[in-house]
Amino acid sequence: MSAETIQSRREWLLSDRPASRLQARLGRAYVAWRRFSANRLALVGMLIIIGLLVVAAFADVLAPYSPTIGDLKNARLLPPSTAHWFGTDDLGRDIYSRIVYGARWTLYVVILVAIIAAPIGLLVGTIAGYAGGWTDTILMRITDIFLAFPKLVLALAFVAALGPGIENAVLAIAITSWPPYARIARAETLTVRNSDYIKAVQLMGASPFRIVLRHIMPLCISSLIIRVTLDMAGIILTAAGLGFLGLGAQPPLPEWGAMIASGRRFILDQWWVAAAPGAAILIVSLGFNLLGDGLRDALDPRSGDQ
């Protein structure tokens, strides 16, 4: 592709007067990508998350051993070696294989929590911000009650009531994760509900439900995506904490928090049992934080073009 062609396409994307909605959307996406790619740490975070997705998708190929079946007689608590890259645990299971399969459970938790918590927070926040009055007061006071408790403590209470298990842990984390999203959605709604754009839609006869669903919620999506991405690290740590306490994923599932819990008894002599899953949590959490910072810079409408 010649330099002239590249330059003409760039000018087409950056046109001040797009000829179609598609051109406008592609132009906004291109500008956002330029802002994002200018942040090298954000690219590192994106590569980490892409690596997590690849590992989870191809765990069957990448893991040389079973994540649940070990050799208790010949392979118990072996140090890292060429045969077992991250060593083995107290049941003779390959830790590397368990970490690879554990990537699936990590994605399972963060995706389900995001799917459950973000829409709830978006719905509550936009309704509260647009309706105002007693509706806003009631919904925000409920939000304040959830925010008054530390997330892990509140999640522990819900898991204790629901019972241990990965599904109940996901539900408990989702129940405790929606209030910040509601706050963000409400703040965004308050800034636009009296704008000329919304007034024009009201004069055209649109119902409040349609205004919230079709015109206000889309304006809150970018801020919500940024907050969800930044919260992924906290979700992973909360899930790991529940697993560490025995209230999350149950044996023999290769969940990273549960792996740390089983390795804490050997932390002084066989450090690799707990260190390997701990390093996995650290790297993935760092990746989500870096990616979230990059998305915040790229999707912030107040940011200028870099």
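See above for the structure.
Residues numbered from 1 in each chain as written. Predicted model: local features only at pLDDT ≥ 70, side-chain atom pairs only at ≥ 80, totals over all residues. Heavy atoms only, no water.

Student: Lay out the pattern of salt bridges in plain terms, naming residues and giving numbers.
Tutor: Enumeration according to the criterion identifies 9 salt bridges in this entry. The partner of Arg 98 in a salt bridge is Asp 89, with the nearest N and O atoms 3.9 Å apart. Linking Arg 141 and Asp 144 is a salt bridge whose minimum nitrogen-to-oxygen distance equals 2.9 Å. A residue pair is termed a helical-turn pair when its members lie 3 or 4 positions apart in one helix, as Arg 141 and Asp 144 do in helix H6 (residues 133–147) at 3 residues. The network of salt bridges with shared partners includes Asp 89, Arg 93 and Arg 98. (Salt bridge = Lys/Arg side-chain N within 4 Å of Asp/Glu carboxyl O. Helix = DSSP H or I, 4+ residues; strand = E, 2+ residues; numbered from the N terminus.)

Student: With reference to specific residues and values, describe a nonpolar patch on the surface.
Tutor: Taken together, the side chains of Leu 47, Ile 50, Val 54, Phe 58, Val 61 and Leu 62 define a hydrophobic patch exposed on the protein surface, amounting to about 560 Å² of accessible area. Taken together, the elements giving at least two residues each to the nonpolar patch come down to helix H3 (40–57) and helix H4 (59–62). With 3 residues, the top contributor of residues to the nonpolar patch is H3. In this fold, Val 61 is placed in helix H4. Overall, the relative accessible area of 67% leaves Val 61 in the exposed class. (Patch = residues over 30% accessible without salt bridge, like charges linked within 9 Å, V, L, I, M, F, W, Y side chains within 5 Å. Areas by Shrake-Rupley, 256 points an atom, 1.4 Å probe, with all protein chains shown as cover. Buried < 20%, exposed > 50% of the residue type's maximum accessible area, 1.4 Å probe, protein only.)

Student: Give a detailed account of H3, specifying residues and quantitative values.
Tutor: The terminal C-alpha atoms of H3 lie 26 Å apart, and with 18 residues this matches the ideal 26 Å at 1.5 Å per residue to within 8%. Those residues of H3 not exposed but buried are Ala 42, Gly 45, Ile 49, Leu 52 and Ala 56. Projected down its long axis, H3 shows its buried positions confined to an angular sector of 75°, all on one face. Exposed side of H3, more than 90 degrees from the buried face: Arg 40, Leu 47 and Ala 57 are the residues found there. Taking the backbone nitrogen of Leu 41 as reference, a side-chain oxygen 3.1 Å away marks Asn 39 as the first, capping residue of H3. (Expected span 1.5 Å × (residues − 1). Arc of directions from axis to C-beta. Polar contact = N/O pair within 3.5 Å; in protein donor to acceptor, adjacent residues only side chain to side chain.)

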